[in-house]
Amino acid sequence: MLSFLNALPSGPLISFTLLLLVIFTIPPLFERLRLPGLVGLLVAGVCVGESGLGLLSAESETMKLLSDIGKIYLMFVAGLEIDLSQFRKTKNRSMGFGFATFIIPMMMGITVGRIFGFGWNGSVLIGSLLASHTLLGYPIVNRLGLVRNEAITVTIGATIFTDISALLVLAVCIAINAGDFSAASLIGQLVMLALYCAIVLFGFDWAGKDYFRRTGDEQGNQFLFVLLAVFLASVGAELINVDPIVGAFLAGLAVNDVVGRSPVKEKVEFVGSTLFIPFFFVNMGLLLNLSGMAVTLTTDITFTMMLVGGLITAKLLAALVAKLLYRYSWSEMLTMWSLSMPQVAATLAAALVATKAGVITEAVFNAVIVMMLVTAILGPVLTAQFARRLTVPQDLSAAGALARITLDNPVAIPANAKFTVLIALANPHTQQYLIEMGAMLARHEGGCIVPLAIAKAHVHMDDLHLNLALRQSDRLLERAVAIGEKYEVTAEPRIRIDDDIAHGISRTARECNASLIVMGWSPTTSLQARLFGTVIDNVFWASHCPVAVMRLLDEPMNLQRILVPIKGITASALQTVRFAQLFADTHAGEVTVLYVCNRYTHPHQVEQIERELTAYIAQIAGLVSIKIKIMHHENTAKAILYQAQSHDLVMLRSVRRRTIAGLAVSDVTTEVLSEIECSLVLFGDTLWKPTEAEAIASL
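Model, not experiment: these values are computed from the prediction.

Q: Which residues make up the overall build of the protein, and what values do they have?
A: What the protein contains, in helices and strands, is 30 helices and 11 strands. Burial statistics for the protein: of 699 residues in total, 55% are counted as buried. When contacts within the protein are restricted to residue pairs at least 6 apart in sequence, long-range pairs at least 24 apart make up 81% of them.

Q: Residue-level account of helix α7 (residues 120-131), with values.
A: Between its terminal C-alpha atoms α7 stretches 16 Å, which fits the 16 Å expected from 12 residues at 1.5 Å a residue. Most of α7 sits out of view: 9 of its 12 residues are buried. Among the residues of α7, G122, S123, L125, I126, G127, S128, L129, L130 and A131 are the ones counted as buried.

Q: Account for the packing of helix α6 (residues 91-115) against α7, with residues named and values stated.
A: Where α6 meets α7, the axes come as close as 7 Å, and the angle between the chain directions of the two elements is 140°. Accordingly, the angle class assigned to the pair α6 and α7 is oblique. α6 and α7 meet at a crossing whose hand is right-handed. Residues T101, F102, P105, M106, G109, I110, G113 and R114 of α6 form the contact with α7, whose own contacting residues are W120, S123, V124, I126, G127, S128, L130 and A131. In terms of residue class, the contact of α6 with α7 is built from 9 nonpolar, 6 polar and 1 charged.

Q: So, the nonpolar core: which residues are in play, and what are the values?
A: Within the largest apolar cluster, 116 residues are counted, with the highest numbers of intra-cluster contacts made by F76 and L307. The element contributing the most residues to this core is helix α9 (residues 150-178), with 14 residues. Ranked by size, the runner-up nonpolar core spans 50 residues in total, among them I435, L516, L559 and V564.

Q: I'd like a description of unusual backbone geometry, backed by residues and values.
A: Positive phi, close to 60°, is recorded for R327, a residue that is not glycine. Mapping R327 onto the fold places it in the loop between α16 (301-326) and α17 (330-339). Of note in the backbone geometry, E488 takes a positive phi value of approximately 60° without being a glycine. Residue placement: E488 occurs in the loop between α22 (464-486) and β3 (490-491).

Q: Quick one: what's the story with the pattern of salt bridges, residue by residue and with numbers?
A: Tallied over the entire structure, the rule returns 5 salt bridges. Taking the shortest distance from any N to any O, the salt bridge between R507 and D498 comes out at 4.0 Å. Among the salt bridges present, the one from R561 reaches D648, with a minimum N-O distance of 2.9 Å. Here R561, found in strand β7 (residues 561-566), pairs with D648, found in the loop between α28 (636-644) and β10 (649-656); they are 87 residues apart in sequence, far enough to count as distant. A relative accessible area of 36% means that R561 is categorised as partly exposed. Among the charged side chains, a salt-bridge network with shared partners connects R496, D498, R507 and E511.

Q: Before we move on, can you summarise the environment of K627 with the specific residues and values?
A: Mapped onto the fold, K627 is located in strand β9 (residues 625-632). Overall, K627 belongs to the partly exposed group, its relative accessible area being 42%.

Q: An account of the packing of aromatic side chains is needed here, citing residue identities and associated values.
A: If you walk through the whole model with that rule in mind, you get 10 aromatic pairs. Centre to centre, the rings of Y211 and F225 are 5.0 Å apart; their planes meet at 10°, and the pair counts as stacked. Taken together, the positions of Y211 in helix α10 (residues 183-215) and F225 in helix α11 (residues 219-239) put the pair 14 residues apart, joining distant regions of the chain. The class of Y211 is partly exposed, set by a relative accessible area of 26%. For F225, a relative accessible area of 18% translates into the label buried. Here a set of aromatic residues connected by ring pairs shows up, and it is made of F16, Y73, F76, F276 and F279. The aromatic ring of W120 is capped on one face by R114, whose charged end is 4.3 Å from the ring centroid.

Q: I'd like a description of the confidence of the model for the protein, backed by residues and values.
A: Residue-level pLDDT values for the protein average 76, and 79% of them are 70 or greater. Taken element by element, the protein is modelled with least confidence in helix α30 (residues 692-697), mean pLDDT 35, and with most confidence in strand β1 (residues 420-425), mean pLDDT 90. Taken as a whole, residues 656-668 scores under 50 in pLDDT and shows 64 contacts with residues more than four places along the chain or in a different chain. Segment residues 687-699: pLDDT under 50, and 12 contacts once partners within four positions in sequence are set aside and those in other chains are kept.

Q: Provide a residue-level description of the pairing of strand β2 (residues 448-456), including the pertinent values.
A: Most of β2 is tucked away: 8 of the 9 residues are buried. You can see the chain leave β1, run along helix α21 (residues 431-444) and come back into β2, and the turn it takes is right-handed. By the bridge criterion, 2 bridges tie β2 to β3 in an arrangement that is parallel. Its bridge partner lying in β3, I449 is registered against A491. Bridge analysis of β2 against strand β4 (residues 494-498) gives 5 bridges, and the strand direction is parallel. Looking at the pairing, L452 lines up with R494 of β4.

Q: Pulling in residues and values, what's your account of the packing of α16 against helix α19 (residues 362-387)?
A: Axis separation between α16 and α19 bottoms out at 9 Å; the angle between their running directions is 40°. When the interaxial angle is binned, α16 and α19 end up oblique. Handedness of the crossing formed by α16 with α19: right-handed. Where α16 approaches α19, its residues F303, T304, L307, V308, L311 and I312 are matched on the opposing element by V364, A367, V368, V370, M371, V374, T375 and L378. Classifying every residue of the contact of α16 with α19 by side-chain character gives 12 nonpolar, 2 polar and no charged.

Rules used in this analysis
- Residues numbered from 1 in each chain as written.
- Predicted model: local features only at pLDDT ≥ 70, side-chain atom pairs only at ≥ 80, totals over all residues.
- Heavy atoms only, no water.
- Helix = DSSP H or I, 4+ residues; strand = E, 2+ residues; numbered from the N terminus.
- Buried < 20%, exposed > 50% of the residue type's maximum accessible area, 1.4 Å probe, protein only.
- Contact = heavy atoms within 4.5 Å.
- Expected span 1.5 Å × (residues − 1).
- Axes fitted to C-alpha atoms, helices over the stretch in contact; angles between N-to-C directions.
- Parallel < 35°, antiparallel > 145°, perpendicular 65-115°, else oblique.
- Left-handed = near helix turned anticlockwise from the far one by under 90°.
- Nonpolar A, V, L, I, M, F, W, Y, C, P; charged D, E, K, R; others polar.
- Core = buried A, V, L, I, M, F, W, Y, C linked by side-chain atoms within 4.5 Å.
- Salt bridge = Lys/Arg side-chain N within 4 Å of Asp/Glu carboxyl O.
- Phe/Tyr/Trp six-rings, centres within 6.5 Å; stacked < 30°, edge-to-face > 60°.
- Lys NZ or Arg CZ within 6 Å of the ring centre and 35° of its normal.
- pLDDT = per-residue confidence, 0-100.
- Right-handed = clockwise from strand over helix to strand, strands pointing away.
- Pairing = 2+ DSSP bridges.

Here it is in structure tokens:
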């Protein structure tokens, strides 16, 4: 084995291939063992590093470059993931809790550092490593529908204060360590930092909004703009003697409002989470010295225990301060504590920078790794326990969601407008069921259907392929008109020649003031589709009205039993229920609303959800029967697939959140889409559009 490893050639290409092999195989294995994938990357780094097989070296130029990019990308994504809209709603309390959960751990870290003989600069930096936090428990509270709970929102908002403050302390400490300390140099450094922060936060935000508005849907150039902003901010940070991770985090905050939850953000995160960020964690494992770690856990065990214990205690005290100041419940306080406990992203990046700069020792770095492992496991476990005791916020009640649907529906059709269903036709083998579905909905609402066929444009309008496409389109539309007559619905067929199929569909829908777009669905999981999107994705993102993507295995008239899974009582979820009720009402079907919760969900929360769903359904139920089913299951996708076996049609929702540039993103359960065996409808509705004042201001 050793002779085989020694026979392997060396070089950047071999190192890159080994890295790809590691990040492709190791995280899934650890996740099967119910361990975080990042822990697997750290372990893999140790195994292939100098402490193990010696295949990779942290000192190689390849690893230095990829690790630096991964570190910058990690901090950028950390800033990009912070929900600024939630922060603005509770900014005063977020700043208050942020200060408490920063200063108390900071003082605790300084105390531990001074007790063990570190200088003031090193002790302050140790304190800053304890002051930030990573929201590893966010997916848990999001799954429980508790993100809008004020205590959760305050904790999320506090991340902005703690991460920025911790990174600025890191920058000052490294600057002091690099030169002679003086009050004048410190003031000068702080002034430069203030100017730099203002330029990045406000300048990049303004430039990004202007560029996105001018480029429209040119996602490739927008993706490059975001990357350029990240690395420009990082280079700018180096120019003022600040570590690049500070600039990367600030750049993430700066372009946060610009990209929102757009396709560009999806692509940025996809590239980062797939390649560069895993490279950083593997490099962290390469830097771990097993013998040094063993020494730390034996001779320096007291320091490690005090560091970990001090962090946990300090975060608990900070949450207690927030409870007393803002009168939160004990469950809310404990949830805030568990959410703010994990130390991963900013802490690891800062610890690596501080170690390389010589501000902290290798023993401290090893202790920080131990702290990361303990808090990364303990924090989410405690969050899952404490968050279940919280109740669903009142603004997510059925009454509130219903009010948003009826009073603030961004896709509401004017009262005097005709209900128009645009049906995009492409496949002659599936068009019949699509047209029948559209015709049933249009007849129920007294409207019409607009069958649409798109012919791909060519340079010459007399091109042979274009003529062939037009003849095929004519045949599709003739059949569509015949089906419309069968259902006694007016059909207004259209042929469009367009360079882009998705644009052709969304633009025609806008021109005919469509109330609904109906499309056929064909799954794709190719890398090209992940990076550049499919026609369905782009129509979802660009259309002005709801979109229903369908895979119908039987005539719509025979789809009697309709299942609508919902994740929470939100406006978008209830819109999907309303659409299912509309379809069921066309042929006396029945609708089952499925809510999946895990077996640890508090009974009071389950009762509240059932009560609010019942209240909402009582207001919309027509001639059809709408049932409520609450199911306890650890895997939501498996629960939906199990229930789908006894239903004819499953109606899922695709959340489309738009940015100021008019982009959007589809978020669906991939596992359900790939494994479901009955008919399927993917219903998407817009959750954001600019007000008239915002639209005028953006011109």
